[in-house]
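# Report on the structure
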Amino acid sequence: MLPPTSTPISSIFTERKRKILSQLEIPEEEYTDLSPKGSVDARIRSFVDEINALPGFVTTSSCAGRVSVFVDGSGKKVTASVNAVDPDDDFESDEDQSDRKAASATSAAGGGKGGGSWLFVSHDPVDLKALKDDGDVLELCGLSRDSKISFPSPDDSRPRFVHFRFEPMILHILTASPTHATHAHTSAMSAGFRESGIHSILPPNSTAEHTATPLVAIRTAGLAFSSIVGYLSPSDESIVPMVPPAYLSTLLRLANQRFELNAERTERFRRALLGLDVKTTVKEGDGPHGKWEDAEARKERKRREGLQRRDEVLKAREKTDDGVVDDVVSGLSDLGGVEHVER
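On a predicted model such as this, the values are computed, not experimentally measured, just so you know.

## Remarks on the sheet that holds strand β10 (residues 225-232)
Whenever strands of a sheet pair, they do so through backbone hydrogen bonds, lying parallel or antiparallel. Taking strand neighbours across the sheet as the criterion, the five strands line up as β5-β2-β6-β10-β11 in an open arrangement whose pairing is antiparallel. Of all strands in the sheet, those with a lone pairing partner are β5 (117-122) and β11 (239-241), marking the two edges. Ignoring which end each strand starts from, the neighbouring axes of this sheet average 25° apart. Sheet topology note: the β10/β11 ladder contains three bridges and is antiparallel. Residue pairing across strands places L232 opposite I239, the latter belonging to β11. Seen against the sheet, helix α6 (residues 245-274) touches β2 (66-71), β5, β6 (161-167) and β10 and runs at an angle of roughly 145° to β10.

And the structure:
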């Protein structure tokens, strides 16, 4: 299905898209957002540009997919900043960058929020060949080379765990209308992003100044996984592993495999959204079928017309004895059973 081209686009959407694109035009070394990377992922930047070139679509946030190791937050309220860890909040909003920098907020933290820290983040597969020994694996995941396996004390009622997590691609796409949103959502679902959804499908009110501009969240839980691999020592706040290096290596290999599957799904979504796999259409010449029709419809019409012509010929032959005799003679001659028939 091709992206919609005839659906009207409101001035409200056009202005919001202009503001968002103006932020993306900032040089990468100057552009920052609330993600740990701080910019649009290189692996998805070209796709983001393709989406933003479509009338009626603009990306408000994106992540190509990532593997990370992070420590739980303390559970206390902390002032939010660009360095605050919130593994469940991957993306910046579509507010102006200046507004985000000027705003201050508090976060009721817990379970990875509010004072946690990133130990390792990568938006690309990990080069496993560069890891020469177990010490390299531990250091990559933010652990000391001489770390010994241990477990939290039963007396610690709320230990701060270390998580290893893989998260697939996610996109937030602002659309100009429910029609545009439906196209994006259908494309995502067909590509395997089964947890995708549409938000704000209805306008705030019925006035013309408040046209619906739905937000489509493109996501899947099928490729994601998470594992507890350590904890934060309450005595000296050191990172203590709960699993051996071999287990961490297994998680890294699994994450690399998920990166490949994630790339395949992302490409399927890209082709569906941009309409790259739409079957070509053909145009009939002048006459009773002088209209556009897709290839499948034309094939079916040709089949019906062929069957109709065959039935007409058979009925015409049944009306004359000559036709019947000619058919019999012709068939026997083909078999070599009759050389000549007197009539």
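Okay, back to it.
## Some remarks on the environment of R303
Inspection of the secondary structure puts R303 in helix α7 (residues 295-318). Side chain to side chain, R303 and E300 meet in a polar contact 3.0 Å long.

## Here we look at the packing of aromatic side chains
The full count for this structure, using the stated rule, is six aromatic pairs. Between the aromatic rings of F166 and F225, the centroid separation amounts to 6.3 Å while the plane-to-plane angle is 20°, which identifies the pairing as stacked. Of this pair, F166 sits in strand β6 while F225 sits in strand β10; the two residues are 59 residues apart in sequence, bridging distant segments of the chain. A residue is classified by how much of its surface remains accessible, and F166, at 0% relative accessible area, is buried. Residue F225 is classed as buried on the basis of its relative accessible area of 15%.

## Observations concerning the pairing of strand β9 (residues 215-218)
The sheet contact formed by strand β7 (residues 170-175) and β9 spans four bridges and is antiparallel. Its bridge partner lying in β9, L174 is registered against L215. Where strand β8 (residues 197-199) lies against β9, three bridges are found, and the strand directions are antiparallel. Across the sheet, residue H199 finds its bridge partner in β9, namely L215.

## Focus: the packing of helix α2 (residues 42-52) against α6
Axis separation between α2 and α6 bottoms out at 11 Å; the angle between their running directions is 15°. Between α2 and α6, the angle is such that the two are roughly parallel. Seen from above, α2 lies across α6 with left-handed handedness. Residues R43, F47, E50 and I51 of α2 form the contact with α6, whose own contacting residues are A263, T266, F269, R270, L273 and L274. Looking at the contact of α2 with α6 residue by residue, the class counts come to six nonpolar, one polar and three charged.

So, how was this worked out
Residues numbered from 1 in each chain as written. Predicted model: local features only at pLDDT ≥ 70, side-chain atom pairs only at ≥ 80, totals over all residues. Heavy atoms only, no water. Pairing = 2+ DSSP bridges. Helix = DSSP H or I, 4+ residues; strand = E, 2+ residues; numbered from the N terminus. Axes fitted to C-alpha atoms, helices over the stretch in contact; angles between N-to-C directions. Contact = heavy atoms within 4.5 Å. Polar contact = N/O pair within 3.5 Å; in protein donor to acceptor, adjacent residues only side chain to side chain. Phe/Tyr/Trp six-rings, centres within 6.5 Å; stacked < 30°, edge-to-face > 60°. Buried < 20%, exposed > 50% of the residue type's maximum accessible area, 1.4 Å probe, protein only. Parallel < 35°, antiparallel > 145°, perpendicular 65-115°, else oblique. Left-handed = near helix turned anticlockwise from the far one by under 90°. Nonpolar A, V, L, I, M, F, W, Y, C, P; charged D, E, K, R; others polar.

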